[in-house]
Amino acid sequence: MPQNTRKARNINTFKRFQDMTKILFVCHGNICRSPMAEFVMKDLVKKAGLEGKFYIESAATSTEEIGNPVYPPARRKLAEHGISCAGKTARQLKHQDYDRFDLLIGMDKANIRNMHRIISAPRASLQNGGCDGKIHLLLEYAGRPGGEVADPWYTGDFEVAWQDILAGCQGLLDFLRK
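From a predicted model like this one, the values you see are computed outputs, not experimental measurements.

Novice: Give me the lowdown on the pairing of strand β2 (residues 54–60), citing residues and values where you can.
Specialist: Burial within β2 is extensive, with 6 of its 7 residues counted as buried. The pairing of strand β1 (residues 21–27) with β2 spans 7 bridges and is parallel. Following the sheet pairing, I23 is matched in β2 by I56. Assessed by its sense of winding, the connection that carries the chain from β1 through helix α2 (residues 33–47) to β2 is right-handed.

Novice: Describe the side chain of S120, listing the residues and the values that go with them.
Specialist: Tracing the backbone through its elements, the reader meets S120 in helix α5 (residues 109–120). Looking at S120, its side chain comes within polar contact range of the main-chain oxygen of H116, at 2.7 Å.

Novice: I'd like a rundown of the pairing of strand β3 (residues 103–106), residues and numbers included.
Specialist: Residues L103 and I105 of β3 are buried on one face, and the alternating residues L104 and G106, pointing to the opposite face, are buried as well. Pairing between β1 and β3: 4 bridges, direction parallel. Across the sheet, residue F25 finds its bridge partner in β3, namely I105. Judged from the 3 bridges that link them, β3 and strand β4 (residues 135–137) form a sheet pairing that is parallel. Along β4, the bridge assignment pairs G106 with L137.

Novice: Tell me about helix α7 (residues 158–177), and name the residues and values.
Specialist: The end-to-end C-alpha distance of α7, which contains 20 residues, comes to 28 Å, matching closely the 28 Å that a straight helix rising 1.5 Å per residue would cover. Along α7, the residues classified as buried are F158, A161, W162, D164, I165, L166, G168, C169, G171, L172 and L173. Buried residues in α7 make contact with β1, α2, β2, α3 (72–80), β3 and α6 (152–155).

Parameters at a glance
- All chains use their own residue numbering, which begins from 1 and follows the written sequence.
- Local features in this predicted model are restricted to residues of pLDDT 70 or higher, and side-chain atom pairs are both shown and tallied only at a pLDDT of 80 or more, whereas totals for entire chains, interfaces and linings draw on every residue.
- Remark: hydrogens and water are excluded; side-chain values derive from all non-hydrogen atoms of the structure.
- The rule is simple: take the accessible area with a 1.4 Å probe, protein chains only, and divide by the maximum for that residue type; under 20% is buried, over 50% is exposed, in between is partly exposed.
- Where helices and strands are cited, they refer to DSSP runs of H or I of at least four residues and of E of at least two residues respectively, numbered from the N terminus.
- If DSSP finds at least two bridges between two strands, the strands pair.
- For crossovers, right-handed means that the path from the first strand over the helix to the second runs clockwise, given strands pointing away from the viewer.
- Counting of polar contacts relies on pairs of N or O atoms within 3.5 Å, with two restrictions inside protein: one atom must be capable of donating a hydrogen and the other of accepting it, and residues adjacent in sequence are counted only when both atoms are side-chain atoms.
- Each helix should span, by expectation, one fewer than its residue count multiplied by 1.5 Å.
- Here, two residues are considered to be in contact whenever any of their heavy atoms come within 4.5 Å of each other.

Don't take any of this as a statement about function, it's just geometry.
This is how it looks when you write it as structure tokens:
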């Protein structure tokens, strides 16, 4: 491939990435709620024919599960609905993610506090809570301001987590389509 063609392709890929809405779902360990949200949202976007308009990932606020796959009950719950999360491993939120993503969506208030801590550390301008409206709770988009997706790692109730995550992701997609 000629050098100019390769360079043009890289520029087009970068431009296309810039035009996408980039969403990062975040929970404590990145093995239950946030990967469920990542793959539910990817499924909703695909079914809506909008795959090229979104870039979606998930991350943890802790280091406890880094490198581990999605927790088996969460994986099974996704599979019940025909959604695969094959190959996903936990990663930690980095302060650079604030610049890479348009929206950072936490599952509970502890996630939000930890997201602010991780993201604000190198940014004095963000240390007083000013995050340009990028950080939200998922259930805000389900019409439940302040609502939290309970952690099924502790509750054992992956069905309730599924229902909350699905409602939040559907609401988020509806919000972004407006």
